[in-house]
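Each chain, letter by letter, is given below.
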Amino acid sequence: MVDVTKIGGYFMPDKQAQNKSGTSDGSFGNILDQVRKNQTSQATETAPLGAPMPVQAGPDYQMMAAQQADKLLGLLEQYTSALENPDATLKSMDSMVNQMELEAATAKRVLSHVDANEGVGKIVNQAALYASVEAFKFRRGDYV
C-alpha cells in the first residue's frame, strides 16, 4: 500500500521544504495569523503609550447621500431634456426611467442612515421622491 503522506509534488509539498526560511506554509490559518501580527505591530508602533487604539471609521453616509443626490439629479436632468426633445421616443426613455427607479431605491436605503429632514438627507429625500413620482407617471402613461 502507498503512504500518501510521503507523496510530494505540487499538491502536497514536502514538509521539510515548507518552512526552511521561516515563512508560512501558505495555509489560510498561517497567513491570517501573519496579517493579524502585522496589523497589531503597525497599530502599536504608531500609537503612543497610553493612547487609545485607533478606531476604524465606518462608511461615510453623508458622502454616500451626496453622491446619490448627484446621480439622481443628473438622471432627472437627462429625463427632463428627453421629455423636451421632440425626437425622443417613450421606448428610448424607458431605460432612463428604469435607472431612475433603481437610483431612487438606492437613495432610500442610504436615507436609513442619514437624517432625511436636514442637510443633504433632505435633498436626497426630495430627489428620490421626485424620481419615483416621475417614474410612476411615466409607467401610468401620462406622456402617451
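What counts, and at which threshold
Residues numbered from 1 in each chain as written. Predicted model: local features only at pLDDT ≥ 70, side-chain atom pairs only at ≥ 80, totals over all residues. Heavy atoms only, no water. Helix = DSSP H or I, 4+ residues; strand = E, 2+ residues; numbered from the N terminus. Buried < 20%, exposed > 50% of the residue type's maximum accessible area, 1.4 Å probe, protein only. Contact = heavy atoms within 4.5 Å. Areas by Shrake-Rupley, 256 points an atom, 1.4 Å probe, with all protein chains shown as cover. Phe/Tyr/Trp six-rings, centres within 6.5 Å; stacked < 30°, edge-to-face > 60°.

Turning to the overall build of the protein, a few remarks are in order. Looking only at helices and strands, the protein has 5 helices and 0 strands in total. Across the protein, helices and strands are ordered from the amino to the carboxyl terminus as α-α-α-α-α. By the burial criterion, 20% of the 144 residues in the protein qualify as buried. Looking at the protein alone, contacts between residues at least 24 apart form 65% of all its contacts between residues at least 6 apart. Of the accessible surface of the protein, which amounts to about 11,000 Å², a share of 56% is contributed by carbon and sulfur atoms.

Scanning the entire structure with this criterion turns up 1 aromatic pair. Taking the centre distance of 6.5 Å and the plane angle of 75° together, the rings of Tyr-79 and Phe-138 count as edge-to-face. With Tyr-79 in helix H3 (residues 61–84) and Phe-138 in helix H5 (residues 119–140), this pair connects stretches of sequence that are 59 residues apart. The residues Tyr-79 and Phe-138 share a single accessibility class, namely buried.

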